[in-house]
Amino acid sequence: MIYLDNAATSWPKPESVYQMVDKVMRQIGANPGRSGHTMAIEAGRLVQETRELAAALFAIPHPSQVVFTLNVTDSLNLALKGLLQPGDHVITSSMEHNAMARPLEALRKNGVTVTKVATSPVNGISLREIQNAIQANTKLIAITHASNVTGTLNPIGEIGQIAREFGVAFLVDCAQTAGVFPINVQEMGIDLLAFPGHKSLLGCQGVGGLYVHKGITLKTLREGGTGSHSESLEQPDELPERYESGTLNTSGIAGLGAGIRYIMETGMEKIKQREEELTNLLVAGLAKIPGVVLYGPPLGQQRAAVVSFNLEQISANELCMILDKSFQIAVRPGLHCAPDAHRVLGTLQGGTIRISPGYFTREEEIETCLQAITAIGKELVEEMK
């Protein structure tokens, strides 16, 4: 199998991630932050170590500001529903993933005003349009760093400056960029950063995180045992316990820590350069195939390692099935949980094929994929004669 669906979940993982998860499951396996025995203490140490690694990766001032969640969707729900109240106004883009768009729609139905700023699939969101959308009751700007459909990057550093200037909180979804593109929450003016563990951070599914700025207090989405202040029926105020009720995914968090450590040891710039090379190879090759319609930034423009296209005379779903069954190539068809992005692209009816290489993808795998798409295209032409 040639795996080209890294925008959904990165695969394979570094060997150190597998080893860490196996070690925790076999040798530690106790509740972190609970009990006083050796296994529980070691579990707590591993969780804290990952918190410190995540804080270092994103230049977060203190590890306690890193809250572990189920995934980036869980993080976004906590950030949005924990911050916004009826009467508030939030600004977002017109190309968001449903992880952002659906919680905002639920909030809209309960009295929050939502402005979706028109976003270019080539150049991203306009800074001027964001500034023009700010109102007296604007509470939050909530933007994805990169589109999961086209890889289009948004200028989050500049958006953060606008948010600071107007005294508005700034939430960033970095699902497609964390671990590849440098993110400094302090320099970029980010107040809330939602990240997944299972994509470019090279960790496991079922774990993510949310950075919460010191000056922000979110309403809790759940309450329960935290291992601290157990004598009180009130949820603790301290971070991260305030938002981490129940037993944590210790093995997943430890695996995430191993993934972050691998990124730091390898060098983020090296990873970024590798993914850029693979993406450029893919875009250049697709552009040469007759009948291919490409979406998003052109060749040479910086983007996340996400490429969407369609092949004339065949649906995205059918093309994906042929690539899988006949060529053992794994890609993703459809709307990619981002219907707003497809409205912008004009592909809402059938979606697109999305190819997303990762750091461990080989050049020959990209070439094999291009050859397969070329062969399918030629066969379609022959059938039409």
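Computed from a predicted model, the values in this text were never measured in an experiment. In every chain, residue numbers begin from 1 and rise along the written sequence. With the structure being a predicted model, the display of local features is reserved for residues of pLDDT at least 70 and the display and counting of side-chain atom pairs for 80 or more, all residues being used for whole-chain, interface and lining totals. The side-chain quantities take in all heavy atoms of the structure and omit both hydrogens and water.

Undergrad: Can you tell me about the sheet that holds strand E8 (residues 169–173), naming the residues and giving the values?
TA: Spatially, E2-E10-E9-E8-E7-E3-E4 is the arrangement adopted by the seven strands of the open sheet, whose pairing is mixed. In this open sheet, the two strands that pair with only one neighbour each are strand E2 (66–69) and strand E4 (113–117). Neighbour-to-neighbour, the strand axes of the sheet open up by a mean angle of 20°, direction not taken into account. Strands qualify as paired when DSSP identifies two bridges or more between them. Only DSSP runs of H or I reaching four residues or more are called helices, and only runs of E reaching two or more are called strands; each is numbered from the N terminus. Pairing of strand E3 (residues 89–93) with E4, which is carried by five bridges, proceeds in the parallel orientation. Bridging across to E4, isoleucine 91 finds its partner in threonine 115. Against the sheet, helix H6 (residues 156–166) contacts strand E7 (138–144) and E8, and its axis sits at roughly 160° relative to E8. Lines fitted to C-alpha atoms define the axes, with helix axes restricted to the stretch in contact, and inter-axis angles between N-to-C directions lie between 0 and 180 degrees. Residue contacts are defined here by distance: any two heavy atoms, one from each residue, within 4.5 Å place the two residues in contact.

Undergrad: Explain the UniProt feature "domain: Aminotransferase class V" (unreviewed entry) in the chain to me, and be specific about the residues and the numbers.
TA: Taking the UniProt record as the reference, the feature "domain: Aminotransferase class V" (unreviewed entry) is found at residues 2–367. This span, residues 2–367, is 37% helix and 16% strand, and a straight line between its end C-alpha atoms measures 11 Å. UniProt positions are given in the numbering used here, feature names are shortened, and annotations may be inferred rather than shown by experiment.

Undergrad: How would you explain the pattern of salt bridges if you had to name every residue and give the values?
TA: For this analysis, a salt bridge means a side-chain nitrogen from Lys or Arg found within 4 Å of a carboxyl oxygen belonging to Asp or Glu. Taken as a whole and judged by the stated rule, the model has 17 salt bridges. A salt bridge links aspartate 5 to arginine 354, with the shortest nitrogen-to-oxygen separation between them at 3.4 Å. Separated by 349 residues along the polypeptide, aspartate 5 in the loop between strand E1 (2–3) and helix H1 (15–28) and arginine 354 in strand E15 (residues 352–355) bring together distant segments of the chain. No difference in accessibility class separates aspartate 5 from arginine 354, as the two residues are buried. Here the residues in one salt-bridge network are Glu42, Arg45, Glu49 and Arg261, joined through shared partners. For every residue, the accessible area (1.4 Å probe, protein chains only) is compared with the maximum for its type, and the residue is labelled buried under 20%, exposed over 50%, or partly exposed between those bounds.

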